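Reading the structure
Letter by letter, the chains look like this.
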Amino acid sequence: MDRRLKMWSWRFTSHEIITALLGINECQPAKGYEVKSVTASPTSLIAAGDTAALETINTLFTSSPVDVSGKDASFAVDLTLRKPGTLTYLSTDTVKVEVEIGPVMITRTFDGLKPVLRNVPAGCNAALNLKNVSVTVTGPENTLTSMKPAFLLVYADLAGYQEGVFTLPLTVEFNNTDLQYITYVVEPAETEVTITAK
């Protein structure tokens, strides 16, 4: 989205529309974060003034832009509106601007990961029919840029199973990783496992 300009509209009682043009300064949020959305409230204002003057007003400006420099979390700020001298009344002199800040999301694929088996039943051997799988991970840029294949453990859980042939889902365990916002897809998503007595 354009971080420099964002537009909202407010309506006069005379049904003339007035638009407030709010700015986002040129500074950037903290590394790995971005502006997700910007909203303002109230969404409507009541204004009074000379009819001819009202018809010439199509923009209200705030006294200052929103400062997002170094931000790594959402925040709200009250901004003062610049009231034109031709208006005799404006229902509010300020608007509350809510800025949603969130992590930049990226996707990485890790190929050639070897799945393992967990909770093999006592007295049994178990084998799976896959040698390697791929895991596609989506998450915050700050997390994924430092993620290594060794951080991912792909496994099939045999808890509760006995002898036989089963198709089981593959799960990923992440080590040394903040799991907030992390999603993943394993390809293939399942493996055939054969459990036999020793």
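Scroll up to find the structure.
Overview of unusual backbone geometry
Look at the link from E187 to P188: it is a cis peptide, with omega at -5°. Relative to the helices and strands, P188 resides in the loop between β16 (183–187) and β17 (190–197). Here the phi dihedral of N119 falls at roughly 60°; this positive angle occurs in a residue that is not glycine. With respect to the helices and strands, the residue N119 is situated in the loop between β10 (116–118) and β11 (124–128).

Observations concerning the sheet that holds strand β9 (residues 105–113)
Read from one edge to the other, the open sheet built from three strands follows the order β9-β12-β16, with strand pairing classed as antiparallel. With one partner strand each, in any of the chains shown, β9 and β16 form the two edges of the open sheet. Strand-to-strand twist in this sheet, taken as the mean axis angle between neighbours without regard to direction, amounts to 15°. Relative to β16, strand β12 (residues 133–140) is paired through five bridges, and the arrangement is antiparallel. Bridge pairing in β16 links V135 to V186.

The rules behind these values
Residues numbered from 1 in each chain as written. Predicted model: local features only at pLDDT ≥ 70, side-chain atom pairs only at ≥ 80, totals over all residues. Heavy atoms only, no water. Helix = DSSP H or I, 4+ residues; strand = E, 2+ residues; numbered from the N terminus. Pairing = 2+ DSSP bridges. Axes fitted to C-alpha atoms, helices over the stretch in contact; angles between N-to-C directions.

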